[in-house]
Amino acid sequence: MTASTRRTVLSLYMRVFRIARSWQAEIGVVGDTETEKKYILHEASTLFRQNQQLTDPETIKRCVEECEARIEMGLHYRNPYPRAMHLPPLGLATQKGRKLRAQQRLRKQAKPVYLQSHDDS
């Protein structure tokens, strides 16, 4: 990891923690605010630790883009949780063989940048 990439990643990490510190739930309920703050902190630490060993510049760049997208969407919608993913037509149909592989490819292509770190479950 280059020095500039390291600086970018660390600044994003600190930005997420600053956002969590000053986060207010949209409704303003104290319990919701605390729950959302804990979620932001847990999600950030989990994903940053998960990606700590990455060395490929392209993979690191995608992770940085995902982090920036999630920050901007969370601030815009005042919701720290990932937004729902829209599936392509026939994305949930249970098929076998070639059709199943085609559907899996469609689902992978339809996955937005802000959900790349979430596995299919």
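Reading guide: rules and limits
- Residues numbered from 1 in each chain as written.
- Predicted model: local features only at pLDDT ≥ 70, side-chain atom pairs only at ≥ 80, totals over all residues.
- Heavy atoms only, no water.
- Helix = DSSP H or I, 4+ residues; strand = E, 2+ residues; numbered from the N terminus.
- Expected span 1.5 Å × (residues − 1).
- Buried < 20%, exposed > 50% of the residue type's maximum accessible area, 1.4 Å probe, protein only.
- Contact = heavy atoms within 4.5 Å.
- Lys, Arg positive; Asp, Glu negative; His and termini not counted.
- Salt bridge = Lys/Arg side-chain N within 4 Å of Asp/Glu carboxyl O.
- Core = buried A, V, L, I, M, F, W, Y, C linked by side-chain atoms within 4.5 Å.

Draft legend 1. Just helix H2 (residues 30-50), in detail. The end-to-end C-alpha distance of H2 is 30 Å, a good match for the 30 Å that 21 residues give at a rise of 1.5 Å each. Where H2 is concerned, the buried positions are Thr 33, Glu 36, Lys 37, Tyr 39, Ile 40, Glu 43, Ala 44, Ser 45 and Leu 47. The inward-facing, buried residues of H2 contact helix H1 (3-21) and helix H3 (57-77).

Draft legend 2. Structural view of the side chain of Glu 36. By the element assignment, Glu 36 lies in helix H2. Among buried charged residues, Glu 36 stands out as having no salt bridge; its nearest opposite-charge side chain is Arg 78, 6.6 Å away. Every residue in contact with Glu 36, bar those within four places of it in the chain, is listed here: Trp 23, Ala 25, Pro 80 and Tyr 81.

Draft legend 3. Summary view of the nonpolar core. Residues Val 9, Leu 12, Val 16, Ile 19, Ala 20, Trp 23, Ile 40, Ala 44, Ile 60, Val 64, Cys 67 and Ile 71 constitute the largest nonpolar core, which totals 12 residues. Counting residues per element, the ones that place at least two in this core are H1, H2 and H3. Tallying contributions element by element places H1 first for this core, with 5 residues. Val 64 has contacts with Thr 8, Val 9 and Leu 12, leaving out every residue within four places of it along the chain.

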